[in-house]
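# Structural description and commentary
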Amino acid sequence: MKVIIVGGVAGGASCAARLRRLDETAEIIMVERGPYVSYANCGLPYHVGGVIEKESSLLVANAELFKAQFNIDARVNCEAISISSVDKTITLRNAKSGEVTTESYDKLVLSPGGVSVRPPFPGIDLPGIFHVRTVPDAKAINEYLEKGNPFLAGMYRYSGFQAVRPKTRAVVIGGGFIGLEMVENFAHRGMDVTLIEMADQVLLPLDKEHANVVAGYLKGKGVKLNLSDGVAGFRQGSHGSVEVETKAGKVFPADVVILALGVRPDTTLAKMAGLEIGERGGIRVNDQMITSDPDIFAVGDAIEVKDYVTGNWNLVALAGPANRQGRIAADVIAGRDSSFRGTQGTSVIGLFGATVAWTGVSEKTLKAVGDTDYEKIFFYPNSHAGYYPGAKPIAIKVLFRKSNGKLLGAQALGLDGVEKRIDVFATMLQMGGTVYDLEESELCYAPPFGSAKDPMNFAGMIGADILREDMPISHWEEAKSGFILDVREEMELMVEGIPGALLIPLGQLRERLSELPKNKDVHVVCRSGQRAYMAARILLQKGYKAKVISGGMLSYAHNYLFANPEE
């Protein structure tokens, strides 16, 4: 059996190595149009920032290793230029020599990845404007920052006080993963950084209240934000700089510009082969990674995948799913029964010492598909036992089914312990878990690492209490127009308060019940929710219609105080 794999990074390299482990007799050819195979493109921003100092650290394997260890013919600088699905042949071109050859195949695996979005903006080809997609991209940026611009290569290199160098100005366009990682790494290099994002928030998979907190955090780190404003074009500035013009008429001078507008599936070869392309623009595959041609497989950023929660087709450009898809394609080619469960988009990003992570669907996604069978909760547990030094709060939002408690999605922000909580939630979600399962989860505990009731246990307990009707809840969009009972201490109002709310500290509540109405909902609030829950339990047993405002004053801050992160 002869198998040709197009693309030698995450999905393609995983497929090739897995297939060899399963079938020692197969002839395997892996072609990669770039100069490297099996490299860590997720680490590129950190190489530009100097965190990963050596380019070689990004190279997981090379063509020689694939040949020596796996007996795989890995060809770099080799581009697949056409496919004949009828003849089962693929045409290859050597990028250096120009030589064109044709290879036959029994099975073909397409892992061409995605193509960086590059709109036809005026001036987009000016020097100093870069993508961050490949190792050569990162190398080009580093070389440009060192010597490519007349100013950057100029007087600052001379000795003496006259050579004090002003900050290099970087403009990053796009507030997704790569965009924000480049923002952080340019700041790490001491640059003056501006982020331009056409949407009204960064990190589009997040719900807006959490995205606003991220934006506010970035601003606090000195990043200039320009949201809800797209790029109109580029023009040459003075001393080799570039001026970025926006649709709102703003102009941002830059010494270096990063285009981080996302990627689109590379479907050029798939269309040549007559393969089905899905409604989202990716190659359509089944759960065994087989395309509309039974002898052609596809994996990675170029394909559409089923969302594990909604069942809808989606595009997910993540290394984890691509690696799993490559392994599954190899299994199926080798005759094994293997299938892809779908993706839930589990993701994490580090920003200036903080962590943002999420999995599953967001609330805005549920609203977009018309799904109303869900509840949301906000809570703010410590990352580990509060009495042990260094505990940090984590802002967590959890979504689950009202009807049966099934987990739908979670988002978390914080300075410690964020990603491990989302990992727990992601695993539970993929196994079809519920809030009741989270409630009963047995997780690691020692004071430096967690609490006897872990934040994920708390998520389950809160959700289960809601579904058991032990803790009716409300949210600020409802509570603000109703009767609000504040059970904090009077001194806390000096920090923040809700106009029109009735203040009765929790310790006084039993003696002052007569001040509360019995004919309307009483929305109970404290700082984060614990005292409000205790107050609600008192009121419910006394015949009052009590509801806990989820997340208390902390969720109020997320929803309202961070609503304009640019200000």
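### Some thoughts on the overall build of the chain
What the chain contains, in helices and strands, is 15 helices and 30 strands. Compactness check: the chain gives a C-alpha radius of gyration of 27 Å against a globular reference of 24 Å for 567 residues, within 12% of the reference. Evaluated residue by residue, the chain yields a buried proportion of 53% over its 567 residues. In the chain, the proportion of contacts linking residues at least 24 apart, taken out of those at least 6 apart, comes to 62%. Only carbon and sulfur atoms are counted for the fraction: they give 51% of the accessible area of the chain, which is about 24,900 Å². Here the chain carries 61 positive and 66 negative side-chain charges, and the mean point of each set is 2 Å from the other.

### Remarks on the pairing of strand β30 (residues 545-549)
As paired strands, strand β26 (residues 473-474) and β30 are joined by two bridges and run parallel to one another. Note on β30: the bridge partner recorded for Ile473 is Val548. Pairing of strand β29 (residues 521-525) with β30, which is carried by four bridges, proceeds in the parallel orientation. Paired with Val524 across the bridge in β30 is Val548. As a crossover connection, the stretch from β29 through helix α14 (residues 530-541) into β30 is right-handed.

### A look at the side chain of Ser451
Inspection of the secondary structure assignment puts Ser451 in the loop between α11 (435-440) and α12 (455-467). Once you skip the residues sitting within four places of it in the chain, Ser451 turns out to touch His384, Ala385 and Tyr445.

### With respect to the side chain of Thr355
By the secondary structure assignment, Thr355 is in strand β22 (residues 354-360). According to the relative accessible area criterion, Thr355 is buried, its value standing at 16%. Thr355 has contacts with Val348, Ile349, Ala412, Leu413, Gly414, Val418 and Glu419, leaving out every residue within four places of it along the chain.

### Describing the sheet that holds strand β15 (residues 251-254)
For sheets, the rule is that strands pair by backbone hydrogen bonds, running either parallel or antiparallel. Taken in spatial order, the three strands line up as β13-β14-β15 in an open sheet, and their pairing is antiparallel. The open sheet has two free edges, formed respectively by β13 (231-236) and β15, since each of these has just one partner strand. For this sheet the average axis-to-axis angle between neighbouring strands, irrespective of direction, equals 25°. Relative to strand β14 (residues 242-246), β13 runs antiparallel, the two sharing five bridges. Paired with Gln236 across the bridge in β14 is Val242.

### A word on the packing of aromatic side chains
Given two aromatic rings, one states the distance between the centres and the angle between the planes to describe the pair. A complete count under the given rule lists five aromatic pairs for this structure. The interplanar angle of 40° and the centroid separation of 5.7 Å between the aromatic rings of Phe66 and Phe70 together place this pair among those described as tilted. Here the residue Phe66 and the residue Phe70 both occupy positions in helix α3 (residues 63-70), the gap between them amounting to four residues, near one helical turn. For the pair shown, Phe66 and Phe70 are each scored as buried. Pairing Trp476 with Tyr556 gives two aromatic rings, centres 4.9 Å apart and planes at 65°, and the pair type is edge-to-face. Highlighted residues: Trp476 in helix α13 (residues 476-479) and Tyr556 in helix α15 (residues 552-561), separated in sequence by 80 residues. An identical accessibility class is assigned to Trp476 and Tyr556; each is buried. For Arg284, the ring lying beneath its charged end belongs to Trp313, and the centroid distance is 4.0 Å.

### Considerations on the environment of Val495
Turning to its location among the elements, Val495 is positioned in the loop between β27 (483-486) and β28 (502-503). Measuring from C-alpha to C-alpha, the distance between Val495 and Leu261 comes to 40 Å, with 234 residues separating the pair along the chain.

### What to know about the pattern of salt bridges
Per the counting criterion, the structure on display carries 30 salt bridges. In this structure, the salt-bridge partner of Arg18 is Asp331, at a minimum N-O distance of 2.8 Å. With a gap of 313 residues between them, Arg18 in helix α1 (residues 10-22) and Asp331 in helix α8 (residues 319-333) connect regions that are remote in the sequence. Between Arg169 and Asp255 there is a salt bridge; the shortest N-O distance is 3.2 Å. Linking Arg169 in strand β10 (residues 169-173) with Asp255 in the loop between β15 and β16 (256-259), this pair joins segments that are 86 residues apart in sequence. The buried category is assigned to Asp255, whose relative accessible area is 3%.

### Some points on α3
Three or more residues of α3 are buried, namely Ala63, Phe66 and Phe70. Around the axis of α3, the buried residues are gathered within 75° of arc, so they sit on the same side. Opposite the packed face of α3, turned more than 90 degrees from it, sit the exposed residues Glu64, Ala68 and Gln69. Summarising the contacts, the buried residues of α3 are in contact with α1, β2 (27-32) and β3 (73-76). Where α3 begins, the capping side chain belongs to Asn62, and its oxygen is found 3.2 Å from the backbone nitrogen of Glu64. Downstream of α3 by a residue or two, Asn71 has a phi angle that is positive, lying close to 55°.

### A word on the sheet that holds strand β5 (residues 89-94)
Strand order across the open sheet formed by three strands is β4-β5-β6, with antiparallel pairing between neighbours. Since the sheet does not close on itself, it has two edges, and those belong to β4 (78-84) and β6 (100-104), each with one partner. Each strand axis lies, on average, 30° off the axis of its neighbour in the sheet, ignoring direction. Pairing of β5 with β6 involves five bridges; the strand directions are antiparallel. Following the sheet pairing, Thr91 is matched in β6 by Thr102.

### Quick notes on the packing of α1 against α8
Orientation of α1 relative to α8, taken along the N-to-C sense of each, is 35°, at an axis distance of 7 Å. Relative to α8, α1 is oriented so that their crossing is right-handed. On α8, the residues touching Ala10, Gly11, Ser14, Cys15, Arg18, Leu19, Arg21 and Leu22 of α1 are Ala319, Ala322, Asn323, Gly326, Arg327, Ala329, Ala330, Asp331 and Ile333. Considering only residue class, the contact of α1 with α8 consists of nine nonpolar, four polar and four charged.

### With respect to the pairing of β5
As judged from the six bridges shared by β4 and β5, these two strands associate in the antiparallel manner. Considered in β5, the bridge of Ile83 is made with Ile90. The hairpin turn running from β4 into β5, its antiparallel successor, is four residues long, and Lys88 in that turn takes a positive phi close to 55°.

The rules we used
Residues numbered from 1 in each chain as written. Predicted model: local features only at pLDDT ≥ 70, side-chain atom pairs only at ≥ 80, totals over all residues. Heavy atoms only, no water. Helix = DSSP H or I, 4+ residues; strand = E, 2+ residues; numbered from the N terminus. Rg over C-alpha atoms; globule rule 2.2 N^0.38 Å. Buried < 20%, exposed > 50% of the residue type's maximum accessible area, 1.4 Å probe, protein only. Contact = heavy atoms within 4.5 Å. Areas by Shrake-Rupley, 256 points an atom, 1.4 Å probe, with all protein chains shown as cover. Lys, Arg positive; Asp, Glu negative; His and termini not counted. Charge placed at Lys NZ, Arg CZ, Asp CG, Glu CD. Pairing = 2+ DSSP bridges. Right-handed = clockwise from strand over helix to strand, strands pointing away. Axes fitted to C-alpha atoms, helices over the stretch in contact; angles between N-to-C directions. Phe/Tyr/Trp six-rings, centres within 6.5 Å; stacked < 30°, edge-to-face > 60°. Lys NZ or Arg CZ within 6 Å of the ring centre and 35° of its normal. Salt bridge = Lys/Arg side-chain N within 4 Å of Asp/Glu carboxyl O. Arc of directions from axis to C-beta. Polar contact = N/O pair within 3.5 Å; in protein donor to acceptor, adjacent residues only side chain to side chain. Left-handed = near helix turned anticlockwise from the far one by under 90°. Nonpolar A, V, L, I, M, F, W, Y, C, P; charged D, E, K, R; others polar.

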